[in-house]
Amino acid sequence: MEKYLKRFFDGIQRDFRLFMFILMLIEVYRGLFIWAMSSYMSAETQTSEIIFAMWTGLRLSLKTAGAVTLICFVLVTLIGLTPRLRLAIGIFASFIFSVLFQARFPYYKQFQSTFGLEVVHGLNDDISAIFMTLLQEYGLIWRFIFALILTLMCIMILSRLLLFKTFALPKFEEKIKIKTAALVTGLILFIATFFIFVRFGGSFTYAGGVNWENAGVTSDYFLNECILDDAQALYRANSMEKRMQAGEISGVESENILYYAKNIAGHEKLESDNLMPYLERTAQGNKIEKPDHIFIILGETWMQWPMIGKYEKLHVADGIKSLIAQENCYYSRNFLPNGTFTSTSITGFVTGLSDVNIRVNYQPRTYEEVYPTSMAAPFKELGYSVDFWYGGVASWDNIGKMSIAQGFDNFYGYPDFHAPKQNAWGTNDKHLFDALEEHLKDEPPTVHLIMTTTNHPPYNLNLQAEGYDVTKVTSELNELPNIDDAKNLAIELGHYWYMDRVAAQFIKNVSERYPKSLFVITGDHAVRCDPGTRPTLFEHQSVPFVLYGNGIKRDILPLDVVGGHTSIVPTLIELIAPKGFTYYSIAPPLTKSNGAGFNRDVFITSNIIGKIDSDVVELLPHIAAKELKDVNQSAEKEAAQSAITSMRTISWWLLMKGVAL
């Protein structure tokens, strides 16, 4: 017994050293990240808030360090496995945290967030393409080498720390066994108390502790993200994924499905045990001549901010702006994508369902039945063939299989039109548009959903050969505030410029050959490319909505009509379908906008853009002669939340349960 107690007493001391080492390692990495990325911090942020963020992060990281130490405590101190295992676990943890520390830098620059749901979605993405992107664009090799160097430094420190002599177990006279029992009892109580203190993040109650849900204690978004260490950020992503898969996402109230079905239908009188009658809409009569061809261009990272006035000197969005300047074009700025990922935006178009963070392209129901809100169905009923054109491959995220299952007639990836592979994701946009233009020969009336690829890392296009001046754009960017790396941003914008130019040229070419054509331009998301370290919500999230073609006028829809991706197909149906034509949709057409657009994270109305489930609200940049205090924020937020809850609840129900109520 005495031998075991000696080993146990020695073990808990060495475990505590490991605990403190991991805790301090995380805190050092947190501080270094804040220092290196300080340009992402608000200029108004006080030093006191940085200290508070470091302190709160330290408390939260008690959980992370405790989880690592618990493994050693059980396996080495309690069970008695070799003490070398303690060092091995410490080395492995140091390596993981060093790798994550290096990965955090490019991740934050891309997504303005510590590790989030993008990680979960990435696991279902094209792993080989992601690897090549990390290799070519984000310095995978040198960052990994630097992580190894940091790990070696950790090994040197930790190995010495664990070798230091520990305090010996107090010796008592054999006859005073009660003191030994008291010592053991005290150790057990101390360990249990310490475990509770660590488990609740520096407190003995959940309410008083720190966890990922209540860690945002400062007024600065960047600091709030830094409070989460990498392990806690990944835990957050996993927790959010599980909640959303279970329907535990803001706005999904499945227990009130009938109420929200009636809300979508717009009246209380309808009573049915099936969702179909609630989703049925009747076209009011065509506003334009039925087009021969309809093209919906979903541009990769086609964010809206390069189109607004303060960035016009960059001249990277001249193609789309040249279209907007024409009389047969409509443009709304109050627009959001369906999601913050490419696949979420695609599934929103194909199925007509709002993002509830369920991977639609992996749901069994997606391949068993066509959702009543699917894009293909109404167009095919109007006599169109419906095709999907993608600059990548059909197997990426199951989009080829999903599209065909949801009623598309054809799916064309770059191997199908024999284009060369020119980056990790597929071919360049010019090959995509050239192939589609060639394909239009002798085609019947068609609808084409087009997903581009070039404006995506790795950014390996020969911009100089294309006629883009990186140096000039870099110089222009350097005159703007909060630009972290002007040259790299100029290169990214060069790929945006290329996509914009090629798409605009395609539209002009096809318009000349087929005058009775209709075009839609929007972006799959805006997240990934920001104008500096402190973008507004509008800059970080908004995408354009452009209607161009035969019969389109500037006033065909209300000025800056509010909406999102799932409203586009209903809008097209209302523009071209005869009066009385019936179709099914969760989102209203933009001819009858409900005044709200949204994705997973934010909402937009006619005056404001804000974070869902948050008090963060900003005035839209193009709202002239107004201040935030002049806007009825509560009314606009309430209307947006009503739309979000209705559309998310119905979308979730269709995905998980089908049309039966």
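Below you will find a few notes about this structure.

1. A look at the overall build of the protein chain
- Summing up its helical and strand segments, the protein chain has 23 helices and 15 strands in all.
- Taken over C-alpha atoms, the radius of gyration comes to 28 Å for the protein chain, in line with the 26 Å a tight globule of 661 residues would show.
- Seen along its three principal axes, the alpha-carbon backbone of the protein chain occupies a region of about 100 × 65 × 50 Å.
- Residues counted as buried form 56% of the 661 residues belonging to the protein chain.
- When contacts within the protein chain are restricted to residue pairs at least 6 apart in sequence, long-range pairs at least 24 apart make up 77% of them.
- Looking at charge distribution, the protein chain has the averaged site of its 58 positive side-chain charges lying 9 Å from that of its 68 negative ones.

2. Here's the deal with the layout of surface pockets
- Empty space within the largest pocket amounts to approximately 1700 Å³.
- Lining the largest pocket are 50 residues; nearest its centre among them are Tyr221, Glu225, Arg236, Lys611 and Ser614.
- Elements that contribute at least two residues to the lining of the largest pocket include exactly helix H3 (84–111), helix H4 (117–122), helix H8 (221–227), helix H9 (230–245) and helix H21 (537–541).
- Looking at the lining of the largest pocket, its residues break down into 18 nonpolar, 16 polar and 16 charged.
- What the second largest pocket holds in volume is close to 1200 Å³.
- Taken together, 43 residues form the lining of the second largest pocket, with Tyr107, Phe111, Glu118, Ile130 and Leu134 sitting closest to its centre.
- Counting only elements with at least two residues in the lining of the second largest pocket, the list comes to H3, H4, helix H5 (127–137), helix H6 (140–163) and helix H13 (342–351).
- It is H3 that contributes the most residues to the lining of the second largest pocket, 8 residues altogether.
- By residue class, the composition of the lining of the second largest pocket is 24 nonpolar, 13 polar and 6 charged.

3. Comments concerning the pattern of salt bridges
- Per the counting criterion, the structure on display carries 20 salt bridges.
- With a closest N to O distance of 3.5 Å, lysine 310 and glutamate 539 form a salt bridge. With lysine 310 in the loop between strand S2 (293–299) and helix H12 (318–324) and glutamate 539 in helix H21, this pair connects stretches of sequence that are 229 residues apart.
- Each of Glu627, Lys629 and Asp630 takes part in one network of salt bridges that share partners.

What counts, and at which threshold
- Position numbers for residues count from 1 along each chain, tracking the sequence in the order it is written.
- Given that this is a predicted model, residues contribute local features only at a pLDDT of at least 70 and side-chain atom pairs are listed and counted only at 80 or more, while totals for whole chains, interfaces and linings are drawn from all residues.
- Side-chain figures throughout are based on the complete set of non-hydrogen atoms in the structure, without hydrogens or water.
- Strands here mean DSSP runs of E at least two residues long; helices mean DSSP runs of H or I at least four residues long; both are numbered from the N terminus.
- To get the radius of gyration, use the C-alpha atoms; to get the globule rule, take the number of residues to the power 0.38 and multiply by 2.2 Å.
- Accessibility here uses a 1.4 Å probe with only protein chains present; expressed as a share of the type maximum, an area under 20% marks a residue as buried, one over 50% as exposed, and anything in between as partly exposed.
- Throughout, a residue-residue contact means that at least one pair of heavy atoms, one from each residue, lies within 4.5 Å.
- When charges are counted, Lys and Arg contribute as positive and Asp and Glu as negative, whereas His and the chain ends are disregarded.
- Charge positions come from single atoms, namely NZ of Lys, CZ of Arg, CG of Asp or CD of Glu.
- Here a cavity denotes a set of grid points, spaced 1 Å apart and computed over the protein atoms alone, in which a 1.4 Å probe fits but from which it cannot get out, and a pocket denotes an open set meeting protein on both sides within 12 Å along at least five of seven lines; residues with an atom within 4 Å of a point are reported as lining.
- Grid points are joined across faces, edges and corners, and a volume is the space filled by probe spheres set on the points.
- Polar here means any residue other than Ala, Val, Leu, Ile, Met, Phe, Trp, Tyr, Cys and Pro, which are nonpolar, and Asp, Glu, Lys and Arg, which are charged; Gly is therefore polar.
- The term salt bridge refers to a pairing of a side-chain nitrogen on Lys or Arg with a carboxyl oxygen on Asp or Glu at a separation within 4 Å.

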